[in-house]
Amino acid sequence: MTISSRSGSPGPDAAEETTVIPVVPAQDGADETTTLPPIDVPVLEDEEFEPQADRDATFRPSRAGWAARSAVWLVLAWFVLAFPVNFLSPFTLGVSDVSAASEAAIFAIVGLSLNVLLGYAGQISLGHQAFVGIGAFTSAYVVVDLEMGFWFAVAVASGLGLVQAAILGAVSLRLTGLYFALVTLAFGNFAQQTVFAIPELTGGEGGKEAPRPAMFDSDYSYYFLCLGFLAVVLFLDWRLTRSKAGRALQALRENPRVASSYGINVKAYTLLAFAVSGLFAGLAGALMAHHDEVIVNQKFGFQLALLFVLMTVVGGLRSRSGVVIGSAFFALLHSGHLLSLLEPVTQTIFRFSLVDFITGTIGLPIEFVALVIGPILLLLTITMYPGGIGQQIAPIREWMLGRRFDRHAGKVTEVEVNDVRA
């Protein structure tokens, strides 16, 4: 028995095509043929069959599009490089403004270091301020007490951050999720109560001096130093995500058991994430010490660790640009510099002092403003924009990289930490 079917549009002059498909013959052995009615299938144009991804891959901006993108890149470069040093700027920034910009770059390095643990490896750290603090006091000790150079002190602080993070990771390899967060919280409290209480290391109540190198003693030059280190960290983080280790960390975050079944060494790559995170944190601590020039142990409390987690999640896990922007925002908010910048606006438009309202009417110290606004932004991030700032700027970022503008680019439906979805 065979089945034949005709395709094509019927018409008086249309040729009839028959496709014969053999099937199991009938019991009597006779060959039967069943003719099916023609099926009209509309023929679409080629571009209608082309998937959206293929169209985006073949998209090339026009000359006007490249000109617009180049203009945006130039404005961004001016804002980062020239605006803080008052070059071709209609505004005049003081020394305190440049110092705040340097602190924002240092916080961005801390955010990127925590993003390696929280975003790539899926491990929540509530004691990250200990890594930063130990790096800060180590760099100050090497420069002042050992009378070594600044660059050697930065290298030692970064290496010590790598070692202590790797040791903590090795101790807590069997722990994940909330249990690991409690271990890091205990480590941060231990460092605050013991390590930061050693007068020979921290200088006691008066703090520890951390002079800047001769070439970068001014706030303007030190800003470019911090910016250069931030660029190096961004490059290393980019290379990590493009390597075999980065792909393994991504698999670990999704599901460690499944990653292990594919031959990925879970313990080794988890230790790698700890080591890289500690390296970046120690570097940020050294820069923070020489930025303040006098570092005190009270600065590295649990509030700072909570601030680090807030700025990383609100910035957007696994989004380098989002983490940098979120970290810079929380750095300016934490120092009170952002409120000072908004003070003329509120006095002109709303006829009241924002700083007086917060400190006088509400009675909230400036250093706690970030810890009040941060949880609110975190709640909005989890419920509305799980990808954080990185999700919100993704359409613009993709457009600046020469791709088609898509307002749904970078859309995230949930905050992903390890195999637990928040």
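Rules behind the numbers
- Residues numbered from 1 in each chain as written.
- Predicted model: local features only at pLDDT ≥ 70, side-chain atom pairs only at ≥ 80, totals over all residues.
- Heavy atoms only, no water.
- Helix = DSSP H or I, 4+ residues; strand = E, 2+ residues; numbered from the N terminus.
- Contact = heavy atoms within 4.5 Å.
- Areas by Shrake-Rupley, 256 points an atom, 1.4 Å probe, with all protein chains shown as cover.
- Axes fitted to C-alpha atoms, helices over the stretch in contact; angles between N-to-C directions.
- Parallel < 35°, antiparallel > 145°, perpendicular 65-115°, else oblique.
- Nonpolar A, V, L, I, M, F, W, Y, C, P; charged D, E, K, R; others polar.
- Polar contact = N/O pair within 3.5 Å; in protein donor to acceptor, adjacent residues only side chain to side chain.
- pLDDT = per-residue confidence, 0-100.
- Expected span 1.5 Å × (residues − 1).
- Buried < 20%, exposed > 50% of the residue type's maximum accessible area, 1.4 Å probe, protein only.

Asks: Got a minute to help me understand the overall build of the protein chain in this structure?
Replies: When helices and strands are counted, the protein chain shows 18 helices and seven strands. For the protein chain, the share of sequence-separated contacts (at least 6 apart) that also reach a separation of at least 24 residues comes to 73%. When the accessible area of the protein chain is evaluated, it comes to approximately 22,400 Å², of which 64% is carbon and sulfur surface.

Asks: Sorry, what's going on with the environment of Gly-336 here?
Replies: In this fold, Gly-336 is placed in the loop between α14 (320-335) and α15 (337-349). Placed 236 residues apart in sequence, Gly-336 and Ala-100 show a C-alpha to C-alpha distance of 9.5 Å.

Asks: How should the packing of helix α4 (residues 95-121) against helix α13 (residues 302-315) be read in this particular structure?
Replies: Angle between the axes and distance between the axes are the two parameters that describe a pair of packed helices. Where α4 contacts α13, the two axes come as close as 9 Å, and the packing angle between them is 75 degrees. One element, α4, and the other, α13, form an angle in the roughly perpendicular class. Counting all contacts with α4, which are made through Phe-107, Val-110, Gly-111, Leu-114, Asn-115 and Leu-118, the residues of α13 involved are Leu-304, Leu-307, Phe-308, Val-309, Met-311, Thr-312 and Val-313. Residues belonging to the contact of α4 with α13 are distributed by class as follows: 10 nonpolar, three polar and no charged.

Asks: Just to check I follow, could you spell out the packing of α13 against helix α18 (residues 388-400) for this structure?
Replies: The geometry of α13 relative to α18 is characterised by a closest axis approach of 3 Å and an angle of 25 degrees between their N-to-C directions. Considering the angle they form, α13 stands roughly parallel to α18. Of the residues in α18, those in contact with Val-313, Val-314 and Gly-315 of α13 are Gly-388, Ile-389 and Gly-390. Along the lines of polarity and charge, the residues of the contact of α13 with α18 split into three nonpolar, three polar and no charged.

Asks: Just to check I follow, could you spell out the side chain of Gln-391 for this structure?
Replies: For Gln-391, the position within the fold is in helix α18. One polar contact links the side chain of Gln-391 to the main-chain amide nitrogen of Gly-387, over a distance of 2.7 Å.

Asks: I keep staring at the confidence of the model for the protein chain and nothing clicks. Help me out?
Replies: Low-confidence regions, as indicated by low pLDDT, have predicted coordinates that should not be scrutinised in detail. Averaged over every residue, the pLDDT of the protein chain is 81; residues scoring 70 or more account for 83%. Averaged pLDDT values over the elements of the protein chain bottom out at 40 in helix α1 (residues 46-49) and peak at 94 in helix α9 (residues 219-241). Considering only residues more than four positions removed or in separate chains, one finds that residues 39-50, a stretch of pLDDT under 50, has 10 contacts.

Asks: Just checking my understanding: could you explain α4 for this structure?
Replies: Think of an α-helix as 3.6 residues a turn; residues three or four steps apart then line up on the same face. End to end, α4 covers 39 Å across 27 residues, agreeing with the expected 39 Å (1.5 Å per residue, within 8%). The buried count for α4 comes to 24 of 27 residues, which makes it a mostly enclosed element. Gly-122, located one to two residues past α4, shows a positive phi value of around 75 degrees.

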